[in-house]
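Structure at a glance
The residues making up each chain are set out below.
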Protein chains: 2
Amino acid sequence: MTRRKESILEAAAILFARKGFNETSMSEVSKISGVAQGTIFYHFKSKEGLLLAILEDLKTRVLEAFEEFYRNENFSCGLEMVEGAIAFYLDLASRLEDRFMVLHRHISYELALQNPGCRRCMEAIFDCFVDIFEQAIGQGQTDGSIVALPPKKAALILHTMVDGLVRLETYQLYEASSLYEELLELCRRMLANTVSTE
Amino acid sequence: MTRRKESILEAAAILFARKGFNETSMSEVSKISGVAQGTIFYHFKSKEGLLLAILEDLKTRVLEAFEEFYRNENFSCGLEMVEGAIAFYLDLASRLEDRFMVLHRHISYELALQNPGCRRCMEAIFDCFVDIFEQAIGQGQTDGSIVALPPKKAALILHTMVDGLVRLETYQLYEASSLYEELLELCRRMLANTVSTE
DNA sequence: AGCTTGACTGACTGATCAGTCAGTATCTAA
DNA sequence: TTAGATACTGACTGATCAGTCAGTCAAGCT
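Nothing here was measured: the structure is a model prediction, and the numbers come from that model. (Residues numbered from 1 in each chain as written. Chains lettered and ligands numbered in written order. Predicted model: local features only at pLDDT ≥ 70, side-chain atom pairs only at ≥ 80, totals over all residues. Heavy atoms only, no water.)

1. Description of the packing of aromatic side chains
Residue and element names in this part refer to chain A. Which entries qualify depends on this criterion: Aromatic pairs are defined between Phe, Tyr and Trp rings, using the six-membered ring for Trp, whenever the two ring centres lie within 6.5 Å; interplanar angles under 30 degrees are classed as stacked, those over 60 as edge-to-face, and all others as tilted. Segments assigned H or I by DSSP are reported as helices when at least four residues long, segments assigned E as strands when at least two residues long, and all are numbered from the N terminus. The buried label goes to any residue with under 20% of its type's maximum accessible area, the exposed label to any with over 50%, and the partly exposed label to all in between, with areas taken from a 1.4 Å probe on protein chains only.
With the rule as written, the count across this model stands at 20 aromatic pairs over all chains. Geometrically, the ring pair formed by Phe66 and Tyr70 is edge-to-face, given 4.8 Å between the ring centres and 90° between the ring planes. You can see Phe66 and its partner Tyr70 sitting in helix 4 (residues 47-71), four residues apart, about one turn around the helix. Exposure remark for Phe66: the relative accessible area of 13% places this residue in the buried category. Clustering of aromatic rings is evident, with ring pairs tying together Phe66, Phe69, Tyr70, Phe75 and Phe88.

2. Some points on the domain arrangement of chain A
Residue and element names in this part refer to chain A. Threshold: All domain edges in this entry derive from an automatic or database-based domain assignment. Two residues form a contact once any of their heavy atoms are found within 4.5 Å. Put simply, buried area is the surface a 1.4 Å probe can reach on two separate parts but cannot reach once they are joined, added for both. Within this document, salt bridges are pairs made up of a side-chain nitrogen of Lys or Arg and a carboxyl oxygen of Asp or Glu, the two lying within 4 Å of each other. Two N or O atoms count as a polar contact when they lie within 3.5 Å, although within protein this holds only if one can serve as hydrogen donor and the other as acceptor, and sequence-adjacent residues are included solely when both atoms are side-chain atoms.
You can read the domains of chain A as domain 1 (1-44) and domain 2 (48-191). For domain 1 versus domain 2, the distance between C-alpha centres works out to 27 Å. Each partner contributes to the interface: domain 1 provides 17 residues, whereas domain 2 provides twelve residues. Summed over both sides, the interface of domain 1 with domain 2 buries roughly 1,200 Å², with 72% coming from carbon and sulfur. At the surface where domain 1 touches domain 2, the tally comes to two salt bridges. Glu10 is the partner of Arg99 in a salt bridge, and the nearest nitrogen-oxygen pair spans 2.4 Å. Between domain 1 and domain 2 we count four residue pairs in polar contact (both at pLDDT 80 or more) in total.

3. A short note on the packing of helix 6 (residues 97-104) of chain B against helix 7 (residues 106-114) of chain B
Residues and elements named next belong to chain B. The criterion, for reference: Think of each axis as a best-fit line through the C-alpha atoms, taken over the contacting stretch in the case of a helix, with angles from 0 to 180 degrees between the N-to-C directions. Any angle that falls under 35 degrees is termed roughly parallel, while one over 145 is termed roughly antiparallel, one within 65 to 115 roughly perpendicular, and all others oblique. Each residue is assigned to one of three groups, with Ala, Val, Leu, Ile, Met, Phe, Trp, Tyr, Cys and Pro labelled nonpolar, Asp, Glu, Lys and Arg labelled charged, and all others, Gly among them, labelled polar.
Closest axis-to-axis distance for the helix 6/helix 7 pair is 4 Å, and the angle between their directions is 55°. Comparing the axis directions of helix 6 and helix 7 gives the class oblique. The segment helix 6 lies against helix 7, with Val102, Leu103 and His104 engaging His106, Ser108 and Tyr109. Residue classes in the contact of helix 6 with helix 7 are distributed as three nonpolar, three polar and no charged.

4. Here we look at the pattern of salt bridges
Following the criterion strictly, the structure yields 24 salt bridges over all chains and no others. Residues B:Asp57 and B:Arg99 are paired through a salt bridge, measuring 3.3 Å at the closest nitrogen-oxygen approach. One end of the pair, B:Asp57, is in helix 4 (residues 47-71); the other, B:Arg99, is in helix 6, with 42 residues separating them in the sequence. In terms of burial, B:Asp57 and B:Arg99 fall into one category: buried. When the shortest N-O distance is used, the salt bridge between B:Glu123 and B:Arg119 registers 3.7 Å. Taken together, the residues B:Glu123 and B:Arg119, both in helix 8 (residues 116-143) and four residues apart, mark about one turn of the helix. On the basis of relative accessible area, B:Arg119 is assigned to the partly exposed category, the value being 42%. One network of salt bridges, with partners in common, ties together A:Glu10, A:Asp57, A:Arg61 and A:Arg99.

Structure (structure tokens):
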């Protein structure tokens, strides 16, 4: 990846995230990235191709972070791993704020509907997120820290909750960070196995 | 409200919901609504004014539904009222599917940032949703069916969960309706007061 | 030196779109 | 009946934008 290509990708990600895809013109991307407009079309075949490249790049980063989470995994029980997964997710969303905003834009879902490559990419990202929660719940059910419930469904709901917090932050509708402790507490109550297995 | 104006509003709501605001041209709105393009600008001062009118109309409908919910309120305890509120929200989102999709579009939040009237409208809708949950939680804490926790924060998280389910349905990422029972169960565990108050 | 190639440039184009406007039709009330 | 108001029309305009293309430039090879 040349430096030029990277700076186009970075500028486009920021603009698509903050202004939106259709609200951003290629001449703006060229201005912000400091690259001539023609150069963008030399590296990316179209505006949509540029969006796809941003999503592919995000997929790579998410999968890397995902693997790191498992490598450093060191939780005393599944319930604690769920808490770790929530913290991991929120940390990732904050570090990759602009990329998550692009991911949350409708345009990405619309592109996924008409472009199989994009759909595979979006699914990989989404599956990765849900997987973390599902693994943690599965482990918790094995070690007895989490109550019996369908792991996949609970993982989807968990992801929805945590991602909702990220959305609240994005839209600045509420001081979302102040909800973090509450969210953890509610998730614990939601999942914790209160019946002793001994 | 003339019949012409209504059909413009209806067509625009459907198009803005399914295709997006910037992806919909005024000539499409005119074609679908069966009204000349000039007529749209006779009734609405601009394309953004049309979006604002859709949101104002939604606000009216939501506030009406909200009042009806309270009128028919007949729950044995606060926890049951929370369940009723979740059912109410999902039913409303399904009946007003297209309007909710418009509400979920970034463009609505962006318009709210630059147009105070739009912001007041969006806040009224949002507050109304969170209020239902907050009232229910408050009642549950009074009657002892719901555990002690900050009602506003818990209401925000509840809304996030239920709205997340609506989003899953919109994006067709998962057979979301199959999550309904699970969601109810998790919310019950999350909020239920397990300590006897007697 | 001469040749090739990949990176890069920015002026240009055809298409699209929001919004305008001059004019027509329909209604209403005196 | 008619004058004025309100509702409606669709061709038109100026602006914007994605994408193109003819050509420059520098690095590497022979």
